[in-house]
Amino acid sequence: MLSRGYSSIQNVPAFINKKPFEATWLTVKEERTPMVVLEANREYWNKKRGPRLRSVVFRNDLSSKEALHLCTTTEGQVDIVAQVDPKDARKVIASKFAKLVSEKGNQVLAGVFNRFRQDVNFNNRNLRLAINLAVNREELIQRGFFGYADEVAALTPPWAVDYPKELAARAYDPENARSLMKKANYPKGRKLKLAATSKYAAIANLMAKQMQKALDIGVEVMIIHEDDEINWMKILAEKKLVPSWDILLASATALFYEDTPAFFHREFFGKSGALRAGPELPQFNQLWQKMEAEVDKRKRIELAKEIDRYVFKEALALFLCVPQSLYGVNRHVEFQPYRTTFELAETEVTKEHWSRRTYPGHA
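It should be emphasised that the depicted structure is a prediction, and the values quoted were computed from it without experimental measurement. (Residues numbered from 1 in each chain as written. Predicted model: local features only at pLDDT ≥ 70, side-chain atom pairs only at ≥ 80, totals over all residues. Heavy atoms only, no water.)

### A look at the UniProt feature "domain: Solute-binding protein family" (unreviewed entry) in the chain
Phase 1 of the analysis: The UniProt feature table records "domain: Solute-binding protein family" (unreviewed entry) at residues 34-264.
Phase 2 of the analysis: Note that residues 34-264 is 29% helix and 20% strand, and that its end C-alpha atoms are spaced 33 Å apart. (UniProt positions renumbered as here; feature names shortened; annotations may be inferred. Helix = DSSP H or I, 4+ residues; strand = E, 2+ residues; numbered from the N terminus.)

Take a look at the structure:
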């Protein structure tokens, strides 16, 4: 239960359709008190689940770098750091105060093809497939994510209930990629424009080198500054202007283990999708409408699988990977991560934890 402080966000709408009204919300500001304190709800009905901690303090007065430093070099300041950057994983592993906890991620990273472009036809499957074959996903995961990511065939994560198990991520195949590029009549001498936010800058640069080598074309990387991200995402969501990039690295998040097309596929390709960069896709809309209208759970799972098979077959996006969720955790904290949300109900501390050594009988 919230006992002190607050955490809130300010959003602005990006209008996708007027009739019927459809919009997505973009976060422009986050307001948090230096500390937010939660106290255990002793009346919670499921005693087996928890709570197992007397109180939880969220520290908003620290940067990610400061929090990780305190977690890995001291006790009593920071017990859990979420969203650890893969490049910092070794620092956590080497710490005598902390341990690294990883969990399958709930974000899918993919490249959005700009099908609105007039000078390059990204509605051509050969072109989309060529670019998919020009990316070495194994190298991308090892060098870009330091091994902390999982390949994905399309947009459904391998851990999801509706994942089509027969699908596998396309292998790196530069020879076939160049052949398909030629069939697609890609303009000779034209550079491919790859855009990414600062979060994925290193990934974009690594991909650019791979595609230049595989396709024998120039690739220009455009890094979107943090202050400009909202404007760029608003342009993409509202679809009134044609973005200046060819491919945008973007991610979507799911909060449940099933019906994942509602979170991923709809966002990338649906009529109301904020990341859709091109005309509506009639076949996708038809498949989506079938799934959203189905009330039988088993049938809906099969329809969800059919959607993932369709977008994979058509190579509708540059499918990449699912980054893992990484946490720096005090060695005396038994943290139970979730794949979909950040939860602390089952988390507890051992007798060696600093709070129990300092204040016997409390945790």
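### What about the nonpolar core?
One recurring pattern in soluble globular proteins is that nonpolar side chains are buried together.
Phase 1 of the analysis: Counting 40 residues, the largest nonpolar core has Ile131, Leu192, Met207, Met211, Leu249 and Leu320 as the members making the most contacts within it.
Phase 2 of the analysis: Those elements that provide at least two residues to this core are β8 (107-113), α3 (125-133), α4 (137-144), α5 (174-183), β10 (192-197), α6 (201-215), β12 (247-253) and β13 (317-323).
Phase 3 of the analysis: Top element by residues in this core is α6. It accounts for eight residues.
Phase 4 of the analysis: Once you skip the residues sitting within four places of it in the chain, Ile131 turns out to touch Phe113, Phe122, Leu192, Met211, Leu215, Ile247 and Leu318.
Phase 5 of the analysis: Val108, Ala195, Tyr310 and Ala317 belong to the second-largest nonpolar core, a separate cluster that totals 36 residues. (Core = buried A, V, L, I, M, F, W, Y, C linked by side-chain atoms within 4.5 Å. Buried < 20%, exposed > 50% of the residue type's maximum accessible area, 1.4 Å probe, protein only. Contact = heavy atoms within 4.5 Å.)

### Structural notes on the environment of Gln77
Phase 1 of the analysis: As for its position among the elements, Gln77 is in the loop between α1 (64-73) and β6 (80-81).
Phase 2 of the analysis: In sequence terms Gln77 and Arg59 are 18 residues apart; their C-alpha atoms lie 9.3 Å from each other.
Phase 3 of the analysis: Sequence-distant contacts of Gln77, that is, excluding residues within four places in its chain, are made with Arg59 and Leu70.
Phase 4 of the analysis: Here Arg59 takes part through its side chain, which lies 3.1 Å from a polar atom of the side chain of Gln77. (Polar contact = N/O pair within 3.5 Å; in protein donor to acceptor, adjacent residues only side chain to side chain.)

### Quick notes on the sheet that holds strand β7 (residues 98-103)
Phase 1 of the analysis: Read across the sheet, three strands follow the order β6-β14-β7 without closing on themselves; strand pairing throughout is antiparallel. Lying at the two open borders of the sheet, with one neighbouring strand each, are β6 and β7.
Phase 2 of the analysis: Relative to strand β14 (residues 325-330), β6 runs antiparallel, the two sharing two bridges. Each bridged residue has a counterpart across the sheet, and for Ile80 the counterpart in β14 is Val329. (Pairing = 2+ DSSP bridges.)

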